[in-house]
Amino acid sequence: MCVAFRRGRWTRVRAVRELREVVYVDGVRTAFGRAGPKGMFWRTRADDMGVKVVRELLRRNPQLPPERIGDVIMAATAQVGDQGLTLGRDVALLSGLPRSVPGFAVDRMCSGALTAATAGAGEIGLGAADIVLAGGIEHMGHHPMGENVDFNPRFVAERLVDPSAVTMGATAENLHDRFPQLTKEDADAFALRSQRRAAAAWDNGAMRETVVPMSVFTEDGWRLADRDEFLRPDTSMDALAELPTPFRPGGRVTAGNSAGLTDGATVCLLVSEQAAEELGLQPRMRLVSFAYAGVEPELMGIGPVPATRKALELAGLTLDDLGLFELNEPFAVQVLTWCEELGVDPEDDRLNPYGGAIACGHPLAATGVRLLAQLAYGFREWPDARYGLTALCVGMGMGAALVWENVAARD
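Notes on the structure follow. (Residues numbered from 1 in each chain as written. Predicted model: local features only at pLDDT ≥ 70, side-chain atom pairs only at ≥ 80, totals over all residues. Heavy atoms only, no water.)

Examining the overall build of the protein
To keep things clear, this is the line we draw: Here a helix means four or more residues in a row that DSSP labels H or I, a strand means two or more in a row labelled E, and each is numbered from the N terminus. Atoms considered for the radius of gyration are the C-alpha atoms alone. The globule rule reads 2.2 Å times the number of residues to the power 0.38. Only heavy atoms matter for contacts: two residues are in contact if any of them lie within 4.5 Å across the pair. Note that His is not counted, nor are the chain ends; the positive residues are Lys and Arg, and the negative ones are Asp and Glu. Here the site of a charge means atom NZ of a Lys, CZ of an Arg, CG of an Asp or CD of a Glu.
In terms of regular secondary structure, the protein is built from 13 helices and 15 strands. Taking 2.2 N^0.38 as the reference for a compact globule, 411 residues should give roughly 22 Å; the C-alpha atoms of the protein span a radius of gyration of 21 Å, in line with that estimate. Dimensions of the protein along its principal axes, counting C-alpha atoms only, are 75 × 50 × 50 Å. Taking contacts inside the protein between residues at least 6 apart in sequence as the whole, the part at least 24 apart equals 79%. Once the 42 positive and 54 negative side-chain charges of the protein are each reduced to a mean point, those two points are 7 Å apart.

Details of the packing of aromatic side chains
Defined as follows: Any two rings among Phe, Tyr and Trp, with Trp reduced to its six-membered ring, count as a pair given centres within 6.5 Å; such a pair is stacked if its planes are under 30 degrees apart, edge-to-face if over 60, and tilted if neither. Buried, partly exposed and exposed residues are distinguished by accessible area as a fraction of the type maximum, computed with a 1.4 Å probe on protein chains only: under 20%, between the cut-offs, and over 50%, respectively.
Under the definition given, this model contains six aromatic pairs. Aromatic side chains Tyr24 and Trp404 sit 6.3 Å apart centroid to centroid with 75 degrees between the ring planes, which places their arrangement in the edge-to-face category. Here Trp404 lies in strand β15 (residues 398–406) and Tyr24 lies in strand β3 (residues 22–30), a separation of 380 residues in the sequence. Across the pair, Trp404 and Tyr24 agree in class, each one buried.

Here's the deal with the packing of helix α6 (residues 184–203) against helix α10 (residues 332–342)
Any two packed helices are characterised by the angle at which their axes cross and by the distance between the axes. Going by this rule: To define axes, lines are fitted to C-alpha atoms, for helices over the stretch in contact only, and angles between the resulting N-to-C directions are given on a 0 to 180 degree scale. Geometric relationships in this document are graded by angle, where less than 35 degrees denotes roughly parallel, more than 145 denotes roughly antiparallel, 65 to 115 denotes roughly perpendicular, and other angles denote oblique. Charged residues are taken to be Asp, Glu, Lys and Arg, nonpolar residues to be Ala, Val, Leu, Ile, Met, Phe, Trp, Tyr, Cys and Pro, and polar residues to be all remaining types, Gly included.
It is the contact of α6 with α10, at a shortest axis distance of 9 Å, that shows an interaxial angle of 100 degrees. Considering the angle they form, α6 stands roughly perpendicular to α10. Seen from α6, the contacting residues are Asp186, Ala187 and Phe190; seen from α10, they are Ala332, Val335 and Leu336. When the residues that make up the contact of α6 with α10 are grouped by side-chain class, the tally is five nonpolar, no polar and one charged.

Some words on the side chain of Asp228
Rule in force here: N or O atoms closer than or at 3.5 Å make up a polar contact, with two conditions inside protein: a donor-capable atom paired with an acceptor-capable one, and, for residues adjacent in sequence, both atoms drawn from side chains.
Relative to the helices and strands, Asp228 is located in the loop between β10 (221–225) and α7 (237–241). Of the polar contacts made by the side chain of Asp228, one reaches the backbone nitrogen of Phe32; its length is 2.8 Å. Within the structure, Asp228 has its side chain in polar contact with the side chain of Trp202 (distance 3.4 Å). Among residues more than four places away in sequence, those in contact with Asp228 are Arg29, Ala31, Phe32, Trp202 and Cys360.

A word on the pairing of β3
Short version of the rule: In this analysis, strands are considered paired if DSSP registers two or more bridges between them.
The buried fraction of β3 amounts to nine of the nine residues, a majority that puts the element mostly inside the structure. The pairing of β3 with strand β12 (residues 285–294) spans two bridges and is antiparallel. Looking at β12, one finds that Tyr24 is bridged to Met285.

Some details on α6
Test applied: In a helix, the anticipated span is given by 1.5 Å times the number of residues less one.
The first and last C-alpha atoms of α6 sit 29 Å apart over 20 residues, in line with the 28 Å expected at 1.5 Å per residue. Note on α6: the residue one or two positions beyond its end, Gly205, has a positive phi of about 95 degrees.

Here we look at the environment of Phe230
Residue placement: Phe230 occurs in the loop between β10 and α7. C-alpha of Phe230 to C-alpha of Cys360: the two residues are 130 residues apart in sequence and 5.4 Å apart in space. The residues touching Phe230, leaving out its near neighbours within four places in the chain, are Gly33, Arg34, Gln195, Gly260, Leu261, Thr262, Ile358, Ala359, Cys360 and Gly361.

Focus: the nonpolar core
Across soluble globular proteins, nonpolar side chains have a tendency to be buried as a group. Operational definition: Note on terminology: a nonpolar core comprises buried Ala, Val, Leu, Ile, Met, Phe, Trp, Tyr and Cys residues joined through side-chain atoms within 4.5 Å.
Within the largest apolar cluster, 48 residues are counted, with the highest numbers of intra-cluster contacts made by Leu133 and Val271. Looking at this core, the element that brings in the most residues is helix α1 (residues 46–60), giving seven residues. Discounting chain neighbours no more than four positions away, the residues touching Val271 are Glu21, Val22, Val23, Val25, Ile124, Asp130, Ile131, Ala276 and Leu281. Counting 43 residues, the second largest nonpolar core, distinct from the first, contains Leu182, Ala307, Leu327 and Tyr387.

Here's the deal with the pattern of salt bridges
Note that side chains of opposite charge can pair when their charged atoms are close. Short version of the rule: Counted as salt bridges are all cases of a side-chain nitrogen of Lys or Arg within 4 Å of a carboxyl oxygen of Asp or Glu.
What the rule picks out here adds up to 21 salt bridges. Measuring nitrogen to oxygen at the nearest pair gives 2.7 Å for the salt bridge that ties Glu56 to Arg59. Separated by three residues within a single helix, Glu56 and Arg59 lie in helix α1, roughly one turn from each other. A relative accessible area of 15% means that Glu56 is categorised as buried.

Overview of the environment of Gly27
Within the element layout of this structure, Gly27 appears in strand β3. Residue class for Gly27 comes out buried when judged on its relative accessible area of 1%.

Things to note about the packing of α1 against helix α2 (residues 87–94)
Note the following rule: Working rule for handedness: look at the near helix, and if it is turned counterclockwise from the far one by less than a right angle, call the crossing left-handed; if clockwise, right-handed.
For the pair α1 and α2, interaxial distance at closest approach is 9 Å and the crossing angle is 60 degrees. Here α1 is positioned oblique relative to α2, judged by the angle of their axes. Between α1 and α2 lies a crossing of right-handed hand. Side by side, α1 and α2 meet where Asp47, Gly50, Val51, Val54 and Arg55 of the first sit next to Leu87, Asp90, Val91 and Leu94 of the second. Of the residues contributing to the contact of α1 with α2, the split by class is five nonpolar, one polar and three charged.

Description of the pairing of strand β11 (residues 262–272)
Judged by how many residues are buried, β11 sits mostly within the fold: eleven of eleven residues are covered. Every second residue of β11 is oriented toward a common face, with Thr262, Gly264, Thr266, Cys268, Leu270 and Ser272 on one face and Asp263, Ala265, Val267, Leu269 and Val271 on the other, all of them buried. Direction of pairing for β3 relative to β11: antiparallel, over a ladder of seven bridges. Across the sheet, residue Asp26 finds its bridge partner in β11, namely Leu269. Here strand β4 (residues 33–34) pairs with β11 via two bridges, running antiparallel. Residue pairing for β11: Arg34 is matched across the bridge by Thr262.

Printed below as a string of structure tokens:
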């Protein structure tokens, strides 16, 4: 019920609203570059990376009228400098979208792009928009994690969080402590599979479908940023075993079984089913449910576990109903923990079939749409997979999980 002013008095009236289905049409990303002066995006602005992916998404979908876009939602963890302002509006204007198209920025650290997607889905579901662009940008070279962050001393003084919670590598070591059966060798073996699967995805063209080449200026002049810089297809278990453990002497977390500091941008196209039919856009996935969950900040990597369980409960599904899983993979132990708790074999072909962040990099707030794009591609290769999952762990102790339906399998 709602209240309206009619004939000089307030009257209760019933608001009738039909909730609408939200579908994913397309998603793209830049290549992911190594953060810092030696990385390919060092001399490139963060917001310009966002502009590149938005323009490519529009180019790939020419039947989409730009003036019909209801919102542009872009995430960033460090909302300062060249990824500050109201990032969605910033990118919308720079991309040449009509000035009537609004935009805004969100921050939920590593799940920023997924949060942008669910925020946009809410707008579509309630009829506030027919079409939304959602994604994320993270230039960790220009804005290192934690830089200019003033942590409230109460966090530690009042023991609200363990001091290790502010160092992601330390939280990964904590997961190994909590799950001692997950050894360094297990983590290295998972990292090796990630590298090999990612290399195969580049070789067979899977990545070429979603990665947008971008001309960038470097110390050596102009070059094409068209391939992820963290790919190490020739690595081996012996090489991984020799790497130091920077977060703890004699620890289990290394640069080889973790994602590197990364620059990159992503964006996806979400629309209502009605708008997709009207405009001739081909839906690839339907959003079934999503959930966010909180966990102990010092064990942030376990966040996808309760988030997955909650999302499945909301969807009325079980893990056995899912045919594909895309996890963000900032640390191998994070995925291994999810597997341990949910009963999934880490070697399962359905889990990160195109590799993950260990091989391609993890530009924090941008990663979520990479997962969506890979899941959509996977649905095409696994046409019998009816449902799939995208899930991430989130700094300061959270998890995110989205359940999607393969539109082709539904038909």
